[in-house]
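# Reading the structure
Listed here are the chains, written in short residue letters.
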Amino acid sequence: MTQKERRDHELPYKADEAVVEEMKRARKLLREFNTADPCDYERQATIAGMLIPNANGPVGLTQPFYCDYGTHIYMGKNFTANYNCTILDVGRVEIGDNVLFAPNVSIYTAGHPLHYETRNTGYEYGIPVKIGNNVWVGGNTVITPGVTIGDNTVIGAGSVVTKDIPANVVAAGNPCRVIREITEEDKKYYYKNREFDIEVL
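These remarks concern the structure in this document. (Residues numbered from 1 in each chain as written. Predicted model: local features only at pLDDT ≥ 70, side-chain atom pairs only at ≥ 80, totals over all residues. Heavy atoms only, no water.)

### Here we look at helix α2 (residues 17-35)
It helps to recall that an α-helix has 3.6 residues per turn; residues three or four apart then point in one direction. The condition is simple: Put simply, DSSP H or I for four residues or longer makes a helix, DSSP E for two residues or longer makes a strand, and each gets a number counted from the N terminus. Here the expected span of a helix is defined as 1.5 Å times the quantity of residues minus one. Buried means the residue's accessible area, taken with a 1.4 Å probe over protein chains only, is under 20% of the maximum for its type, while exposed means over 50%, and partly exposed covers the values in between. To be clear, the arc concerns the directions from the helix axis to the C-beta atoms. Throughout, a contact is declared for two residues whenever any of their heavy atoms are within 4.5 Å.
Spanning 19 residues, α2 covers 27 Å between terminal C-alpha atoms, matching the ideal 27 Å at 1.5 Å per step. If you check which residues of α2 are buried, you get Val19, Met23, Ala26, Leu29, Leu30 and Phe33. Taken around the axis of α2, the buried residues stretch over an arc of 125°, which confines them to a single face. In α2, those exposed residues whose orientation departs by more than 90 degrees from the buried face are Glu17, Arg27, Lys28, Arg31 and Thr35. Buried residues along α2 sit against α1 (3-8), α3 (41-51), β1 (60-61) and β2 (65-67).

Pasting the structure below:
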């Protein structure tokens, strides 16, 4: 089994020449994307589409954006990431439809062994992350390897998500935990106890 195959089967692997070549491709496209004219949305969209070919529609990224490969990211429709999003996609990252990332969201599928002797061998791993439909991830959130976030959930700013979060909840904290369920009553509010003054649905 090659190192790329080991990586893609969630086994310990080393970043050999073949792995590094894949990363080089991503870095070249990232440089093009991150240095493109900030107002040239068409050019940015074209580069983002090449970087992340497994997207179901246009890729809504705000500069700067960073990833390891891009090819291990699978996005649904209407995805938007604000400034400084980082996705270490050593493992597969699945993102559903209508997902919003606030600034400085980081997804880490990559990791290293806990014990220093095995860590010093250079072996690393990638464990998938899955984010459902209609999820909003608040600013400065970190999502760690192996996490699944359910549909319609909101992750509060500054969270460190180390375990699965169910659907239809507000969750926040370090470590991230469920605060409450999202209910039909929440439809009439746009911020805390402030009600919409216009018809939105």
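### With respect to the nonpolar core
Defined as follows: Joining through side-chain atoms within 4.5 Å is the link that ties buried Ala, Val, Leu, Ile, Met, Phe, Trp, Tyr and Cys residues into a set, and such a set is a nonpolar core.
Ranked by internal contacts, the top residues of the largest apolar core, which has 38 residues, are Leu61, Phe65, Ile73, Ile95, Phe101, Ile131 and Ile143. Listing elements by their share of this core, those giving two or more residues are α2, α3, β2, β3 (73-75), β5 (85-88), β6 (93-95), β11 (129-131) and β17 (169-172). Take this core: its biggest share by element is 4 residues, from α2. Not counting residues within four places of it along the chain, the set of residues in contact with Ile131 comprises Glu94, Ile95, Gly96, Val99, Phe101, Ile107, Ile143 and Ile149.

### Comments concerning the pairing of β5
This is how it is decided: By the convention used here, strands pair only if DSSP detects at least 2 bridges between them.
Of the pairings in the sheet, the one linking β2 to β5 comprises 3 bridges and is parallel in character. Each bridged residue has a counterpart across the sheet, and for Tyr66 the counterpart in β5 is Thr86.

### Concerning α3
Listed as buried for α3 are Gln44, Ile47, Ala48 and Leu51. The buried side chains of α3 occupy one side of the element, clustering within an arc of 100° when seen end-on. On its buried side, α3 packs onto α2, β1 and β2.

### Focus on the sheet that holds β6
Taken together, the 4 strands give an open sheet; going across it, the order is β3-β6-β11-β14, and neighbouring strands pair in parallel fashion. Both edges of this open sheet fall to β3 and β14 (148-149), since each of them pairs with a single strand only. Both β6 and β11 contribute to a ladder of 3 bridges, which runs parallel. Paired with Val93 across the bridge in β11 is Val129.

### Side note on the layout of surface pockets
Short version of the rule: As defined here, a cavity is a set of points on a 1 Å grid over the protein atoms alone where a 1.4 Å probe fits but cannot get out. A pocket is an open set with protein on both sides within 12 Å along at least five of seven lines, and residues line them when an atom is within 4 Å of a point. Grid points are joined across faces, edges and corners, and a volume is the space filled by probe spheres set on the points.
Here the largest pocket is characterised by a volume of approximately 1000 Å³. The wall of the largest pocket is formed by 28 residues, among which Trp136, Val154, Ile182, Tyr189 and Tyr190 lie closest to the centre. Elements that contribute at least two residues to the lining of the largest pocket include exactly β15 (154-155) and β19 (189-191). Tallying contributions element by element places β19 first for the lining of the largest pocket, with 3 residues. Its volume calculated, the second largest pocket comes out at about 160 Å³. The dominant element in the lining of the second largest pocket, judged by the number of residues it contributes, is α3, at 4 residues.

### Quick word on the pattern of salt bridges
Two side chains carrying opposite charge are able to pair once their charged atoms lie near each other. To keep it simple, the criterion reads: A carboxyl oxygen of Asp or Glu within 4 Å of a side-chain nitrogen of Lys or Arg is what we treat as a salt bridge.
One pass over the full model with this rule turns up 9 salt bridges. For Arg7, the salt bridge identified is with Asp8, shortest N-O distance 2.8 Å. When salt bridges that share partners are traced, they join Lys4, Arg7, Asp8 and Glu22 into one network.

### Digging into the environment of Ala18
With respect to the helices, strands and loops of the structure, Ala18 is situated in helix α2. Under the relative-accessibility criterion, Ala18 is labelled partly exposed at 37%. Sequence separation between Ala18 and Thr2 is 16 residues, and the spatial gap between their C-alpha atoms is 9.1 Å.

### As for the state of the cysteines
We apply this condition: The term disulfide is used for any two cysteine sulfur atoms that are within 2.5 Å.
Taken as a whole, this structure holds 0 disulfides when the rule is applied. Free of any disulfide, Cys176 has its nearest neighbouring cysteine sulfur in Cys85, separated by 17 Å. By relative accessible area, which is 9% here, Cys176 ends up buried.

### Topic: the packing of aromatic side chains
To keep it simple, the criterion reads: Pairing of aromatic rings covers Phe, Tyr and the six-membered ring of Trp, with a centre-to-centre limit of 6.5 Å; geometry is then stacked below 30 degrees between planes, edge-to-face above 60, and tilted otherwise. Here, over-ring charges are defined by two tests on the NZ atom of lysine or the CZ atom of arginine: distance to the ring centre within 6 Å, and angle to the ring normal within 35 degrees.
Counted according to the given criterion, the structure contains 2 aromatic pairs. On the basis of an interplanar angle of 85° and a centroid distance of 5.0 Å, the ring pair of Phe79 and Phe101 is categorised as edge-to-face. Highlighted residues: Phe79 in the loop between β3 and β4 (80-81) and Phe101 in strand β7 (residues 100-101), separated in sequence by 22 residues. A relative accessible area of 2% places Phe79 in the buried class. Taken together, a centroid distance of 5.6 Å and an interplanar angle of 55° make the contact between Tyr190 and Phe196 tilted. One residue, Arg7, lies across the ring of Tyr69, its end atom 4.7 Å from the ring centre.

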